[in-house]
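What the coordinates show
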Amino acid sequence: MYARSSTIAAKPSSIDSGIAYLRDKAMPSMPELEGWVGLSLLVDRGSGRCIVTSAWESEAVMHDSRGRVQALRSGVAQALNGQIDLVQEWEIALMHRDQLSSDGACTRCTWLQAGPGEIDRLIDTVKMSVLPEAEMMEGFCSSSLFVDRATNRAVGAMVWANREALDNSREPAKRIRTAAARTSGASVLEVAEFELGFAHLRVPEMA
């Protein structure tokens, strides 16, 4: 399984318009694309930073979709009254759902830099150490880990049931993150929190 993420610098006042466009205009055309298995949108209403992610059955179909998706991505950026800052492609290394998310769900993303040839070590650390601890925390919904083996970079995301659960998890998550980085030899590049603006994912369990 693979994913493409597009970071858009949006106008905060246009975020609801962007969510509506993704849901009503972009989403209905996605099932026409071969190998498509999901779409999500993370939004930061304060800064306007938004991340649109599409998921695909294989690297080949993800690459084949580039032309069609480019037009959809541009439409989303226009609806958000923003510009596309970054497009990245990833291998989905982990996908685990403890419970389905609903309205009000929030996400914390952690970007990491692994050492040369150490991506598998990072994946194992997340699976064996991070995930079991997260599952015991109240309000935990799901977790995913995307990796780029060419650059040894990764991004992990944890979805929480609501803003309160996200807030309550902040300090424990920091402790878990610090320990995991030490164990895997990875560096934490950035941590950011978002509202889960839209999610329609059919990526199977990969834990």
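Report on the accompanying structure. (Residues numbered from 1 in each chain as written. Predicted model: local features only at pLDDT ≥ 70, side-chain atom pairs only at ≥ 80, totals over all residues. Heavy atoms only, no water.)

1. Some words on the pattern of salt bridges
Within the structure shown, the criterion is met by 14 salt bridges. Residue aspartate 16 is joined to arginine 45 by a salt bridge in which the shortest nitrogen-to-oxygen separation is 2.9 Å. Note that aspartate 16 is positioned in helix α1 (residues 15–26) and arginine 45 in the loop between β2 (36–43) and β3 (49–56), a separation of 29 residues in sequence. According to the relative accessible area criterion, arginine 45 is partly exposed, its value standing at 36%. The partner of arginine 121 in a salt bridge is glutamate 118, and the shortest N-O contact between them spans 3.6 Å. Residue classification places arginine 121 among the partly exposed positions, given a relative accessible area of 38%. Its relative accessible area of 26% is what places glutamate 118 among the partly exposed residues. Among the charged side chains, a network of salt bridges with common partners joins Arg108, Asp167, Arg170 and Glu193. (Salt bridge = Lys/Arg side-chain N within 4 Å of Asp/Glu carboxyl O. Helix = DSSP H or I, 4+ residues; strand = E, 2+ residues; numbered from the N terminus. Buried < 20%, exposed > 50% of the residue type's maximum accessible area, 1.4 Å probe, protein only.)

2. A word on helix α3 (residues 66–79)
Here α3 spans 20 Å end to end across 14 residues, near enough to the 20 Å set by a 1.5 Å rise per residue. In this structure, the buried residues of α3 make contact with β1 (2–9), α1, β3 and β4 (83–97). Just beyond α3, the residue with positive phi is asparagine 81, at close to 55°. (Expected span 1.5 Å × (residues − 1). Contact = heavy atoms within 4.5 Å.)

3. Here we look at the pairing of strand β7 (residues 153–160)
When you tally the buried positions in β7, you get seven out of eight residues, the bulk of the element. Bridge analysis of strand β5 (residues 106–113) against β7 gives eight bridges, and the strand direction is antiparallel. Across the sheet, residue glutamine 113 finds its bridge partner in β7, namely arginine 153. Between strand β6 (residues 140–148) and β7, which pair antiparallel in sequence order, lie four residues; one of them, asparagine 152, sits at a positive phi of approximately 60°. (Pairing = 2+ DSSP bridges.)

4. Regarding the side chain of arginine 108
Among the structural elements, arginine 108 can be located in strand β5. Given the relative accessible area of 5%, arginine 108 is considered buried. Dropping the residues within four chain positions of it, arginine 108 is found in contact with Gly156, Ala157, Met158, Trp160, Leu166, Ser169, Arg170, Ala173, Arg177, Val191, Ala192 and Glu193.

5. Looking at helix α5 (residues 163–184)
With 22 residues, α5 ought to run about 32 Å at 1.5 Å a step, and its terminal C-alpha atoms sit 29 Å apart, in line with that. Structurally, α5 contributes buried residues whose contacts are with β5, α4 (119–135), β7 and β8 (187–201). Between a side-chain oxygen at the N-terminus of α5 and the backbone nitrogen of glutamate 164 the separation is 3.3 Å; the capping residue is asparagine 162. Of the residues trailing α5, glycine 185 is marked for its positive phi of about 75°. (Polar contact = N/O pair within 3.5 Å; in protein donor to acceptor, adjacent residues only side chain to side chain.)

6. Some points on the packing of aromatic side chains
The final tally for this structure, using the stated rule, is one aromatic pair. Look at phenylalanine 140 and tryptophan 160: their rings are 5.7 Å apart centre to centre, the planes differ by 75°, and that puts the pair in the edge-to-face class. In this pair, phenylalanine 140 is assigned in strand β6 and tryptophan 160 in strand β7, connecting sequence segments 20 residues apart. What makes phenylalanine 140 buried here is its relative accessible area of 1%. (Phe/Tyr/Trp six-rings, centres within 6.5 Å; stacked < 30°, edge-to-face > 60°.)

7. Details of the sheet that holds β5
Hydrogen bonds between backbone atoms are what pair the strands of a sheet, whose relative direction is either parallel or antiparallel. A barrel is described by the order of its strands in space; here eight strands give the closed sequence β1-β3-β2-β8-β5-β7-β6-β4, paired in antiparallel fashion. Strand after strand, the sheet turns through a mean of 35° between neighbouring axes, direction not considered. In this sheet, β7 lies alongside β6 in antiparallel orientation, the contact comprising eight bridges. Along β7, the bridge assignment pairs serine 142 with valine 159. Packing against the sheet, α4 makes contact with β4, β5, β6 and β7, and its axis sits at approximately 175° to β6. (Axes fitted to C-alpha atoms, helices over the stretch in contact; angles between N-to-C directions.)

8. Looking at the side chain of serine 54
Position of serine 54 among the secondary structure elements: in strand β3. Looking at serine 54, its side chain comes within polar contact range of the side chain of tryptophan 56, at 3.0 Å. When neighbours within four sequence positions are excluded, serine 54 is seen to be in contact with Tyr2, Ala3, Arg4, Met30, Gly38 and Leu39.

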